[in-house]
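Notes for the structure review
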Amino acid sequence: SGGVANAVLGGWRISGIMTYASGFPISLARNNPLNIFNGATRPQVSGYENWRAPLKGSEFDPAVDRFLDITAFPPAQQPVNFGNATRYNPKVRSFPFMNENISLGKSFGLGETRRIDIRGEAFNMFNRVIFGTGSTNINANNFGVVTNQANEWRQMQVALKLYW
């Protein structure tokens, strides 16, 4: 109930925010062949299957694999009119998202009116890498090539606050 051990080891607060998602839906775009309209146009698609590119190994490797398969959308077969693709493909999602943020804190009393709070926080605690989807414009040279990371790397911070 008292003593040095309780002052050092007791009274810690821990909290966490865990976010797990199956990934966001993917939308496709193409260059606008109708200059009188100033917006993105959708490509012509024959179905919503087989948009994902095949893997060259057992796991996705952004150095050698593409996220989307360009052969499913040959640019030569894209007519110069409005496409029929829906805004999002209901069967293709970006990579799953997993993130854990942890906070650990404690208050130390310094008399009746003063105290010190110490707090440490870690964002993306396990330093998970979530790949982006790359370009989704079928007219781009890097269509389906993963060139970005969809999350931040691990970040940690420590705070010390004095109340008087």
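1. Points about the packing of aromatic side chains
- According to the stated counting rule, one finds five aromatic pairs in the structure shown.
- A ring pair is formed by Tyr48 and Trp51, whose centres lie 5.6 Å apart and whose planes are at 40°; its orientation type is tilted.
- On the numbers, 5.9 Å between centres and 70° between planes, the contact of Phe95 with Phe131 is edge-to-face. Of this pair, Phe95 sits in the loop between strand 3 (89-93) and strand 4 (97-110) while Phe131 sits in the loop between strand 5 (114-123) and strand 6 (155-163), placing them 36 residues apart in sequence.
- Ring pairing ties together the aromatic residues Phe60, Phe67, Phe95 and Phe131, which thus form one cluster.
- Across the ring face of Phe95, the terminal group of Arg52 is positioned such that the distance to the ring centre comes to 5.4 Å.

2. Focus: the side chain of Asn124
- With respect to the secondary-structure elements, Asn124 resides in the loop between strand 5 and strand 6.
- Judged by its relative accessible area of 3%, Asn124 falls in the buried class.
- Within the structure, the side chain of Asn124 is placed 3.1 Å from the backbone nitrogen of Arg128, a separation counted as a polar contact.
- When neighbours within four sequence positions are excluded, Asn124 is seen to be in contact with Asn99, Glu100, Asn101, Asn151, Glu152, Trp153 and Arg154.

3. A short note on the pattern of salt bridges
- All told, the structure shown has four salt bridges when counted by the stated rule.
- In this structure, the salt-bridge partner of Arg128 is Glu100, at a minimum N-O distance of 3.1 Å. Of this pair, Arg128 sits in the loop between strand 5 and strand 6 while Glu100 sits in strand 4, and the two are 28 residues apart along the sequence.
- Under the relative-accessibility criterion, Arg128 is labelled partly exposed at 29%.
- By relative accessible area, which is 3% here, Glu100 ends up buried.
- Taking the shortest distance from any N to any O, the salt bridge between Glu121 and Arg119 comes out at 3.2 Å.

4. Notes on the environment of Thr86
- Locating Thr86 in the fold gives a position in the loop between strand 2 (25-26) and strand 3.
- Of note is the side chain of Thr86, whose polar atom sits 2.8 Å from the backbone oxygen of Tyr88.

5. A few points about the environment of Ser22
- Along the chain, Ser22 falls in the loop between strand 1 (13-21) and strand 2.
- Given the relative accessible area of 51%, Ser22 is considered exposed.
- Sequence separation between Ser22 and Phe97 is 75 residues; the distance between their C-alpha atoms is 6.3 Å.
- Ignoring any residue separated from it by four or fewer positions in sequence, one finds Ser22 in contact with Arg93, Ser94, Phe95 and Pro96.

6. Remarks on the environment of Leu104
- Tracing the backbone shows Leu104 in strand 4.
- Put simply, Leu104 and Gly120 are 16 residues apart on the chain and 5.3 Å apart in space, counted from C-alpha to C-alpha.
- For Leu104, the contacting residues outside a window of four places in its chain are Trp12, Arg13, Ile14, Ile118, Arg119 and Gly120.

The rules behind the values
Residues numbered from 1 in each chain as written. Predicted model: local features only at pLDDT ≥ 70, side-chain atom pairs only at ≥ 80, totals over all residues. Heavy atoms only, no water. Phe/Tyr/Trp six-rings, centres within 6.5 Å; stacked < 30°, edge-to-face > 60°. Helix = DSSP H or I, 4+ residues; strand = E, 2+ residues; numbered from the N terminus. Lys NZ or Arg CZ within 6 Å of the ring centre and 35° of its normal. Buried < 20%, exposed > 50% of the residue type's maximum accessible area, 1.4 Å probe, protein only. Polar contact = N/O pair within 3.5 Å; in protein donor to acceptor, adjacent residues only side chain to side chain. Contact = heavy atoms within 4.5 Å. Salt bridge = Lys/Arg side-chain N within 4 Å of Asp/Glu carboxyl O.

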